[in-house]
Amino acid sequence: VPYLWPVQDESPLNTPGSLFDVMGPIMVGPSSSHTAGAVRLAQLARFIANQPIHHVTFQLYNSFAKTYRGHGTDRGLLAGILGLSVNDERIREAYQFTGSLQYTFQVMPDDSSLPPNTVSIILGLQDGTQQTIVGHSLGGGKVLISRIDEYHVNLRGEYPTLVLFYQDEPGMIWQVTKCIAENKINIATLNCARRAKGSQAFMAICLDALLPESSVAQIKAIQNVYVVHNIDRLPS
Amino acid sequence: MMLQTFSDLLQLCQQESLSIGQAALKYEVARGEKDEAAVLASVRMMLDQMKATIQSGLYSDEKSMSGLSGGFSHKVMTFFEQSDKKFMSPVEHKMMAYALATMEENSRMKKIVACPTAGASGVVPAVLIALQEEKHLSDQTMELALLAAGLVGELVSRRMYLSGAAAGCQAEVGVATGMSAAGIVDAMGGTPQQGLDATAIAFKNMMGLVCDPVAGLVEVPCVKRNSVAGIHASAAATLAMADIYSFIPLDEVVEAMVKVGQLMHPSLKESAEGGLAATPTAVAFTKNLFHQGSS
């Protein structure tokens, strides 16, 4: 049963970051929040989908809606879905590389409850399912994915990340981390939360390397694990 | 490494006899992602891209897609090389031209280094590379100077999002100017205290700067604003190195910027609805641009 996860407000402010977040990235202009940020949000959406994308709808909010044309936000979003990185000079001609991908841009009415540069990316996937990813461009090329379908997340693309939704029960963390340990992959951070004892629970594990698909399949097979996303880090 | 505030940074520099650039290198290495050689290699990569962008843009007359910019850096270089009316120094001419070159490449959707953002990407490279050329500074000096600028930006980014949409242009060109001022002081061998005072002086004069891009494009006033900001950073660095201190400490200046950013009306935060973007000339241009775009 889908449910809405309460937002865990872990602000990207106040956390010590790399100097290369400030002096960088090397990127195609003209705007780090509207062009590079757009590329990265769509890249993360592509990683989350993890299968061919047939059509995509970009719903643009607030500043994204008002200034997307002049900033190449539309080209950036398309480029990210197509797998280009922020420093790829083909972003400028992204419309020429869409091939069979169908795409729509929708300018949404102002919503002051959302951050200034917000996009909702609705993906139509090869397996016939649809996926909705909500993301925000925070400035200087930093991004945040806050929602995957009904689930609230806090994903920034800085680490390969495993996101799980599961039934709260003893041994769950052990079963999952065992699969990770078997690959000799180090866990950078592990965040867990649950709605209530024995209710739905959430795990986000930041890793120092991407987990191989075989291990992801093993984790998906664990009883009472509902959703697993294995999301690579953004290329720098 | 526990660095929360600029006062922590100053204390670290004084206790361990470090320049801001050396402290920045230590900070980045302590994060554990890269060792010292790898950090310096990444810094060199940034500097190399900054130089490459300036070189490709400097004498280019290619217009941006909107036609609002393109060819300005060429004009400044021509004025510098040929005019008998010039009165500023070579380093200042280069700072102005180099910032224009980078911003014009940016508006052509070419490769730049966001520093701290793309809309403010002209200032730091222009200031540091012009200084290196005119003062014959070593690559090693410039690597540390860029790290110093980076650490200033990083500490500010803990307090506010560095985007015009979040806090106005004070968070973009404003922050780039303060970063540059610290970079200049570091490159010229000033003290860490002078570096932070230079940043504070620069920020105090950039506080409240609105983000009002004509037609929402990163061109007017951004391109020329980057150019003038380099001179601004130089002035702030000169005052600080003459031992003129900032009456308000840098941490408090940053807090004030954060509050000003919150108070700033949404029409002045990158929405292209206020300031220069709402002038008759801008409105007429925007109407025409989008009319062409839809036909």
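Residues numbered from 1 in each chain as written. Chains lettered and ligands numbered in written order. Predicted model: local features only at pLDDT ≥ 70, side-chain atom pairs only at ≥ 80, totals over all residues. Heavy atoms only, no water.

1. Quick word on the overall build of chain A
- Looking only at helices and strands, chain A has six helices and eleven strands in total.
- The C-alpha atoms of chain A give 18 Å as radius of gyration, which agrees with the globular expectation for 236 residues (18 Å, within 12%).
- Over its C-alpha atoms, taken along the principal directions, chain A stretches across nearly 55 × 40 × 35 Å.
- Here chain A, with 236 residues, has 57% of them falling under the buried criterion.
- Of the contacts made within chain A by residues no fewer than 6 positions apart, 69% connect residues no fewer than 24 positions apart.
- Side chains of chain A carry 17 positive and 19 negative charges; the gap between the two charge centres is 1 Å. (Helix = DSSP H or I, 4+ residues; strand = E, 2+ residues; numbered from the N terminus. Rg over C-alpha atoms; globule rule 2.2 N^0.38 Å. Buried < 20%, exposed > 50% of the residue type's maximum accessible area, 1.4 Å probe, protein only. Contact = heavy atoms within 4.5 Å. Lys, Arg positive; Asp, Glu negative; His and termini not counted. Charge placed at Lys NZ, Arg CZ, Asp CG, Glu CD.)

2. Side note on the confidence of the model for chain A
- Summary statistics for chain A give a mean pLDDT of 90 and a share of 95% for residues scoring 70 or more.
- Segment residues 1-9 of chain A: pLDDT under 50, and 23 contacts once partners within four positions in sequence are set aside and those in other chains are kept. (pLDDT = per-residue confidence, 0-100.)

3. Focus on the interface of chain B and chain A
- If you look at the interface, chain B gives 51 residues, while chain A gives 42 residues.
- Among the residues chain B hides against chain A, the three largest losses belong to M109, K111 and Y161 of chain B. Together they make up 19% of the total.
- Where chain B touches chain A, the interface holds two salt bridges.
- For the salt bridge of K66 of chain A with E273 of chain B, the shortest nitrogen-to-oxygen distance reads 3.9 Å.
- Across the contact surface, chain B and chain A share 17 residue pairs in polar contact (both at pLDDT 80 or more).
- Secondary-structure elements contributing two or more residues to the side of chain B that touches chain A are helix 2 (20-30), helix 3 (36-58), helix 5 (90-107), strand 1 (111-113) and helix 7 (139-157) of chain B. (Buried area = accessible area lost by both parts, 1.4 Å probe. Salt bridge = Lys/Arg side-chain N within 4 Å of Asp/Glu carboxyl O. Polar contact = N/O pair within 3.5 Å; in protein donor to acceptor, adjacent residues only side chain to side chain.)

4. What about the pattern of salt bridges?
- This model, assessed by the stated rule, comprises 18 salt bridges over all chains.
- One salt bridge connects E182 of chain A with K178 of chain A, and the closest N-O pair in it is separated by 3.5 Å. You can see E182 of chain A and its partner K178 of chain A sitting in helix 5 (residues 172-182), four residues apart, about one turn around the helix.
- Owing to a relative accessible area of 35%, K178 of chain A belongs among the partly exposed residues under this scheme.
- One salt-bridge network, held together by shared partners, links R92 and E93 of chain A together with E62 and K110 of chain B.

5. Quick word on the packing of aromatic side chains
- Considering all chains together, one arrives at six aromatic pairs over all chains under this definition.
- Ring centres 5.0 Å apart and planes at 20° place the aromatic pair F58 of chain A and F105 of chain A in the stacked group. Here F58 of chain A, found in strand 2 (residues 53-61), pairs with F105 of chain A, found in strand 3 (residues 102-107); they are 47 residues apart in sequence, far enough to count as distant.
- Every member of this aromatic cluster is reached through a ring pair, and the members are F58, Y68, Y95, Y103 and F105 of chain A.
- Residue placement shows R90 of chain A over the ring face of F97 of chain A; its charged tip is 5.8 Å from the ring centre.
- Sitting above the plane of the F20 of chain A ring, K34 of chain B keeps its charged end 4.5 Å from the centroid. (Phe/Tyr/Trp six-rings, centres within 6.5 Å; stacked < 30°, edge-to-face > 60°. Lys NZ or Arg CZ within 6 Å of the ring centre and 35° of its normal.)

6. Describing the sheet that holds strand 10 (residues 200-207) of chain A
Residues and elements named next belong to chain A.
- Reading across the sheet, the four strands line up as 9-10-8-11 and stay open at both edges, with antiparallel pairing between neighbours. If you trace the sheet from one side to the other, it starts and ends with strand 9 (187-194) and strand 11 (225-231), each paired once. Averaged over all pairs of adjacent strands, the angle between their axes in this sheet comes to 10°, without regard to strand direction.
- Here strand 9 pairs with strand 10 via seven bridges, running antiparallel. Bridged to A193 within strand 10 is F202. (Pairing = 2+ DSSP bridges. Axes fitted to C-alpha atoms, helices over the stretch in contact; angles between N-to-C directions.)

7. A short note on the side chain of S107 of chain B
- Structurally, S107 of chain B is set in helix 5.
- Once residues lying within four places of it in the same chain are set aside, the contact partners of S107 of chain B are P30 of chain A together with S64, M65, S69, V218 and E219 of chain B.

8. Looking at the confidence of the model for chain B
- Confidence in the prediction of chain B, expressed as mean pLDDT, is 96, and 98% of residues score 70 or more.
- Two summary scores accompany this predicted model of the complex, namely pTM at 0.90 and ipTM at 0.95.

9. Points about the sheet that holds strand 4 (residues 117-125) of chain A
All names here are of chain A.
- If you trace the six strands from one edge of the open sheet to the other, you get 3-2-4-5-6-7, paired in mixed fashion. The open sheet has two free edges, formed respectively by strand 3 and strand 7 (151-155), since each of these has just one partner strand. Between one strand axis and the next, the sheet turns by 20° as a mean value, whatever way the strands run.
- The pairing of strand 2 with strand 3 spans six bridges and is parallel. Within the sheet, the bridge partner assigned to F58 lies in strand 3 and is F105.
- Taken strand by strand, helix 2 (residues 32-49) contacts strand 2, strand 4, strand 5 (130-139), strand 6 (142-148) and strand 7, and its axis lies near 150° from that of strand 5.

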